[in-house]
Amino acid sequence: MNKEILEYAQKLIKKKEKDIDLRDPMMIVYKVTDRCNLKCKYCYQGQAHSENSISVDKVLEFIDFIATQKRGYIYIAFHGGEPMLEETKIACLVESLLKRKYAKRIRFSLQTNGTVFSSKIFDLCKEKHITIGLSIDGFDEYTNLCRLEDTNINEYFKRVHKTIKYLNDNEIDFSVISVLSRFNHMHIERIIDFLIQHKVRTWSCNDLVYNDNINDSSILLTAEEKLDAYKRIIDCILDHNKKVNPYNRFYETNIRQWLSSISGNNSFIYDICGSNPCGLFTHTISLESDGTVFPCDMVTSKEYKVLNIHSFSEEEYYEFVPKKEKMDIECVQKCSEQCESRVICKMNCKAIGMSGVTKSEFCKFYKPLYDYLLLISNVKNNLELLNPTINKRNL
């Protein structure tokens, strides 16, 4: 190889190292701790709160390794348990990762129940542009009953309101994540009013699917009840957003993602769970508080263990690939029917498949939901009011 060609090749390699490949991201759900000060009825972590902890150096070593395997953004979600119980560790990790050579590829998020207050962490989130997700299921005791077992209701709301007030007063962006259940599905309109009054602009109202840690199945909704709830969410958002300027509009994440999926404009986050096969291991992994790595934060049984970061190798990491390929085949085979609603249906999810939820339950919800989304999409200005990022020509 002559000198000119060699120099040209070296320049191309250096350029590639500087570029960020948007097609090759990784979401690391880092469960900083198993400990939590609440006992939510639907928590997929269960009620066993251990004292497991990994050193910061070990976590950094593992993220360094992932950065060498992926060329896209690395999304690190601080999760738990309640991650705010480990505020020192979170602060140390953020500061250390932002000094790495791949720092420009790092994106952080923090999921918290809002009852553990730390101005240090909240200020760090503002300074470092860390996304905050606040878990609240409603506006009063009844709508939050899934979250308030063995919890003093007055103390709970006192702490949550303190957190919300601090975030608002200091102009720190945050979103709210709720779980749709027996206790809040009939109060959608009042919940949305509560969120808007507290300057929330982004809400994720997530469907509750059965898992082995749910002891009380009465909190689950039927397909018809879930469909009714999401229709009312759509109607309520449309009604609000028609009356306010674009800056003050309110959006629900699932609805935005469903519409994006129908239009073919999927976001990376939705592609993790919404694609078929899903993006487990390829684009998401879960780092447990004891150092165990699983291919997804919802697939954490021992048979799907990838490795443990206390002692691992690149070979061990890639030994999981055959299992991933087998899981992909299982995902694709779950639903052979070529129905249009498959673009929004989560029947392909490995975790949901393990939960024992039947195909018919999904069809009862997703097929009429798909039809309703198409119907409202054809009404002038509705798309912009529900998801301003969609290119209308794609629908």
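Quantities reported herein were computed from a predicted structural model and do not represent experimental measurements.

### Quick notes on the nonpolar core
Part 1 of the argument: F62, F78, W203, I233, W258 and L287 are the most contacted members of the largest nonpolar core, which has 114 residues in total.
Part 2 of the argument: Ignoring any residue separated from it by four or fewer positions in sequence, one finds W203 in contact with V176, S178, I188, I191, I192, L195, I233, F250, Y251, E252 and T253.

### Remarks on unusual backbone geometry
Part 1 of the argument: That bond from G80 to G81 is cis: its omega, 15°, falls within 30 degrees of zero.
Part 2 of the argument: In this structure, G81 sits in the loop between β2 (74–79) and α3 (87–97).
Part 3 of the argument: One non-glycine residue, H129, lies in positive phi territory at about 60°.
Part 4 of the argument: The topology assignment puts H129 in the loop between α4 (119–128) and β4 (131–135).
Part 5 of the argument: According to the relative accessible area criterion, H129 is exposed, its value standing at 69%.
Part 6 of the argument: Even without a glycine there, the phi angle at N381 is positive, about 75°.
Part 7 of the argument: Relative to the elements of secondary structure, N381 occurs in the loop between α13 (359–377) and α14 (382–386).

### Let's talk about the side chain of N144
Part 1 of the argument: Note on placement: N144 falls in the loop between β4 and α5 (153–169).
Part 2 of the argument: Of the polar contacts made by the side chain of N144, one reaches the backbone nitrogen of D137; its length is 2.9 Å.
Part 3 of the argument: Not counting the four nearest positions on each side in its chain, N144 is found in contact with I136, D137, G138, F139, Y156 and F157.

Basis of the calculations
- Residues numbered from 1 in each chain as written.
- Predicted model: local features only at pLDDT ≥ 70, side-chain atom pairs only at ≥ 80, totals over all residues.
- Heavy atoms only, no water.
- Core = buried A, V, L, I, M, F, W, Y, C linked by side-chain atoms within 4.5 Å.
- Buried < 20%, exposed > 50% of the residue type's maximum accessible area, 1.4 Å probe, protein only.
- Contact = heavy atoms within 4.5 Å.
- Helix = DSSP H or I, 4+ residues; strand = E, 2+ residues; numbered from the N terminus.
- Polar contact = N/O pair within 3.5 Å; in protein donor to acceptor, adjacent residues only side chain to side chain.

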